[in-house]
Amino acid sequence: MESQADIILHNGCIITMNSKFDLIPMGYVVIKGERIVEIGKGPAPAHMRCGKMIDARGGFVIPGLINCHTHAAMSYMRGLADDLPLMKWLEDFIFPIETKSNGDVIHWGTLLACSEMIRSGVTTFCDMYLFEREVARAAKEAGMRALVGEVLYDFDSPNYGPIENGFRYTLDLIDEWKDDELISIAVEPHATYTCSPGLFEKAMSVCERCQTPMITHLSESAQEVETIKSRYGKSPVFHLDSLGVLGPRLIADHCVQVTEDEIDLLAERGVRVAHNPESNMKLAVGVAPVSDMLRRGLTVGLGTDGCASNNNLNMFGEMDSAAKIHKVISGDPTAMDAQTVFAMATIRAAETLGLGDTTGSLEPGKLADMVILDINRPHLTPAYQPYSLLVYAANGSEVTHSIIHGRIVMEDGRLTTIDEGRVMAKVREIGSKSLDFLNNINKKGFLKEL
């Protein structure tokens, strides 16, 4: 009797990222419903019937990449405020323009980000921003997996106003999306310098009551560390520990300016870290000591941060940067080898977001989140070592197919869930209005649109 499957990917090099990091030079993946049911060597089984056969044409079949830290909708701010220090960038440009944002802006900006991410192999992202109901809606529309949360501040938000409304909004999100197969909700205080101790304590109580993760920016810059030391007499890490926030529920973004003692404490408390090397380089805040974090057993995943501080959402570029910058600062060419870095964009990223049991690797029983790369390209020839090729040579343009939760969201380079032309036109309109606004508040008028 013939077996039934929905999709079979065959004739590809399967890079599993399972516990043994098994590589299958030529094999197949069988998908039924939303899950992987079989992975094997050689051609697809002749007895197995399926609705869709996809020929990988000798390319790589890899787990979908996972972007551990984004502000997806900030794609509409790409290139708007570059080459500035972090706090000037935030206070003079980002915070002002965000006062004029609304749900429509966030929805279209997120759809643009989803288009960019799907095209470059990302199947899951973790988001912190405003109007996150629209981020969740856009991710769902695009067919992407996402962990999202409304950013919480001490000051009024352009979305919810005072903070008490922010907590109500967050609780509504948790309730609204609690049974969704793609969208999960986190509680997300912005940072120690924008959130009071009471806000963090209340946020953690919500996390514990609703069994959700907490996400916050932590020790991103030296200025932040000095500000918190002067305000509370402790560094940001020790400050959060004194509030009972450090723990296995916390995903800490950046952790650039952390000491060895703080790394030990983060590891002891089971905190997970999202490393964003390109954003950290661009804002000149430093390089997170990720090699030390890994040696101490911390779970670390890679993220891009938002397009206003990166200026892209390309995880292939992020992997390349992560591998090279840590070699430079350590003086050790063996630091952050390609397999380790690729894991930080796949299975370790999934573990960072608390999704390691369901995605991040290609294994029977896991969700069918995967992409195909065409390696028949000059810059990927010859293909000696897959991890090396993926981290140091691939750039994301090689992605031909993307499957998320068993659904084909890109086939032969064509997105099946997003009308890219319409999305780009909408975001161009938003960009023009944003430019006018900033030029009105910036009397120098030096901002220009090409």
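Residues numbered from 1 in each chain as written. Predicted model: local features only at pLDDT ≥ 70, side-chain atom pairs only at ≥ 80, totals over all residues. Heavy atoms only, no water.

## Looking at the overall build of the protein chain
Item 1. In terms of helices and strands, the protein chain carries 15 helices and 18 strands.
Item 2. In terms of overall dimensions, the protein chain has C-alpha extents of about 70 × 50 × 45 Å along its principal axes.
Item 3. Split into buried and exposed, the 450 residues of the protein chain put 60% on the buried side.
Item 4. Residue pairs in contact within the protein chain that sit at least 24 positions apart in sequence constitute 72% of those at least 6 positions apart.
Item 5. Summed over its atoms, the accessible surface of the protein chain is roughly 17300 Å², and 50% of this surface lies on carbon and sulfur atoms.
Item 6. Looking at the protein chain, you have 42 positive and 60 negative side-chain charges, and the mean spots of the two groups are 3 Å apart. (Helix = DSSP H or I, 4+ residues; strand = E, 2+ residues; numbered from the N terminus. Buried < 20%, exposed > 50% of the residue type's maximum accessible area, 1.4 Å probe, protein only. Contact = heavy atoms within 4.5 Å. Areas by Shrake-Rupley, 256 points an atom, 1.4 Å probe, with all protein chains shown as cover. Lys, Arg positive; Asp, Glu negative; His and termini not counted. Charge placed at Lys NZ, Arg CZ, Asp CG, Glu CD.)

## Focus on the pairing of strand 5 (residues 60-63)
Item 1. Relative to strand 5, strand 1 (residues 3-15) runs parallel, the two sharing two bridges. From the neighbouring strand, Cys13 faces strand 5, where its bridge partner is Phe60. (Pairing = 2+ DSSP bridges.)

## Concerning the sheet that holds strand 11 (residues 214-218)
Item 1. The strand order 11-12-13-14 describes an open sheet built from four strands, whose pairing is parallel. For this open sheet the edge positions go to strand 11 and strand 14 (299-302), each flanked by a neighbour on one side alone. For this sheet the average axis-to-axis angle between neighbouring strands, irrespective of direction, equals 25°.
Item 2. Examined bridge by bridge, strand 11 and strand 12 (residues 250-254) share five bridges and lie parallel to one another. Residue pairing for strand 12: His217 is matched across the bridge by Asp253. (Axes fitted to C-alpha atoms, helices over the stretch in contact; angles between N-to-C directions.)

## Structural notes on the pattern of salt bridges
Item 1. Evaluated as defined, the whole model comprises 21 salt bridges.
Item 2. Residue Arg296 is joined to Glu260 by a salt bridge in which the shortest nitrogen-to-oxygen separation is 3.6 Å. Taken as a pair, Arg296 in the loop between helix 10 (290-295) and strand 14 and Glu260 in helix 8 (residues 260-269) lie far apart in primary sequence, 36 residues in all.
Item 3. For Arg296, a relative accessible area of 28% corresponds to the partly exposed category.
Item 4. Judged by relative accessible area, which is 51%, Glu260 ranks as exposed.
Item 5. Its salt-bridge partner being Glu268, residue Arg269 comes within 3.0 Å of it at the nearest N-O pair.
Item 6. You can call Arg269 partly exposed: its relative accessible area is 29%. (Salt bridge = Lys/Arg side-chain N within 4 Å of Asp/Glu carboxyl O.)

## With respect to the packing of helix 2 (residues 103-119) against helix 3 (residues 132-142)
Two numbers describe a pair of packed helices, the interaxial angle and the distance between the axes.
Item 1. Helix 3 packs onto helix 2 with a crossing angle of 40° between their chain directions and a minimal axis gap of 8 Å. Accordingly, the angle class assigned to the pair helix 2 and helix 3 is oblique. At the point where helix 2 passes helix 3, the crossing takes the right-handed sense. In this structure, helix 2 contributes Gly103, Ile106, His107, Thr110, Leu111, Cys114 and Ile118 to the contact, and helix 3 contributes Glu134, Val135, Arg137, Ala138, Ala139, Glu141 and Ala142.
Item 2. When its residues are assigned to classes, the contact of helix 2 with helix 3 shows eight nonpolar, three polar and three charged. (Parallel < 35°, antiparallel > 145°, perpendicular 65-115°, else oblique. Left-handed = near helix turned anticlockwise from the far one by under 90°. Nonpolar A, V, L, I, M, F, W, Y, C, P; charged D, E, K, R; others polar.)

## Examining the nonpolar core
Item 1. Counting residues in each nonpolar core, the largest one holds 143 residues, and the members touching the most others are Ile62, Trp89, Met293 and Phe342.
Item 2. Here the element with the most residues in this core is helix 2; it accounts for nine residues.
Item 3. Ignoring sequence-local partners within four residues, the contact set of Phe342 consists of Ile15, Met17, Ile62, Leu65, Met319, Tyr387, Leu390 and Val391.
Item 4. Counting 16 residues, the second-largest nonpolar core is a separate cluster that includes Ile7, Ile31, Ala56 and Ile403. (Core = buried A, V, L, I, M, F, W, Y, C linked by side-chain atoms within 4.5 Å.)

## Regarding the packing of aromatic side chains
Item 1. Tallied over the full model, the rule gives four aromatic pairs.
Item 2. Pairing Phe95 with Tyr153 gives two aromatic rings, centres 6.1 Å apart and planes at 80°, and the pair type is edge-to-face. Taken together, the residues Phe95 in helix 1 (residues 86-98) and Tyr153 in the loop between strand 8 (145-152) and helix 4 (163-176) connect sequence positions 58 residues apart.
Item 3. Plain terms: the ring middles of Tyr153 and Phe155 are 4.3 Å apart, the flat faces sit at 20° to each other, and that makes the pair stacked.
Item 4. In this structure Phe155 comes out as partly exposed when scored by relative accessible area, which is 37%.
Item 5. Chaining the aromatic ring pairs together yields one cluster made of Phe95, Tyr153 and Phe155. (Phe/Tyr/Trp six-rings, centres within 6.5 Å; stacked < 30°, edge-to-face > 60°.)

## Some remarks on helix 4
Item 1. Relative to the 20 Å expected for 14 residues at 1.5 Å per residue, helix 4 spans 20 Å between its end C-alpha atoms, a close match to the ideal helical length.
Item 2. Tucked inside the fold, the buried residues of helix 4 contact helix 3, strand 8, strand 9 (183-185) and helix 5 (197-210). (Expected span 1.5 Å × (residues − 1).)

## A few points about the pairing of strand 16 (residues 399-404)
Moving residue by residue along a regular strand, the side chains alternate between the two faces of the sheet.
Item 1. Taken across its six residues, strand 16 has six buried, putting it largely inside the fold.
Item 2. Here strand 15 (residues 370-373) pairs with strand 16 via four bridges, running antiparallel. The partner of Leu373 across the bridge, within strand 16, is Val399.
Item 3. Across three bridges, the pairing between strand 16 and strand 17 (residues 407-411) is antiparallel. Of the residues in strand 17, the one forming a bridge with Ile403 is Ile408.
Item 4. As consecutive antiparallel partners, strand 16 and strand 17 are separated by two residues, and within that stretch His405 has a phi angle of approximately 55°, a positive value.

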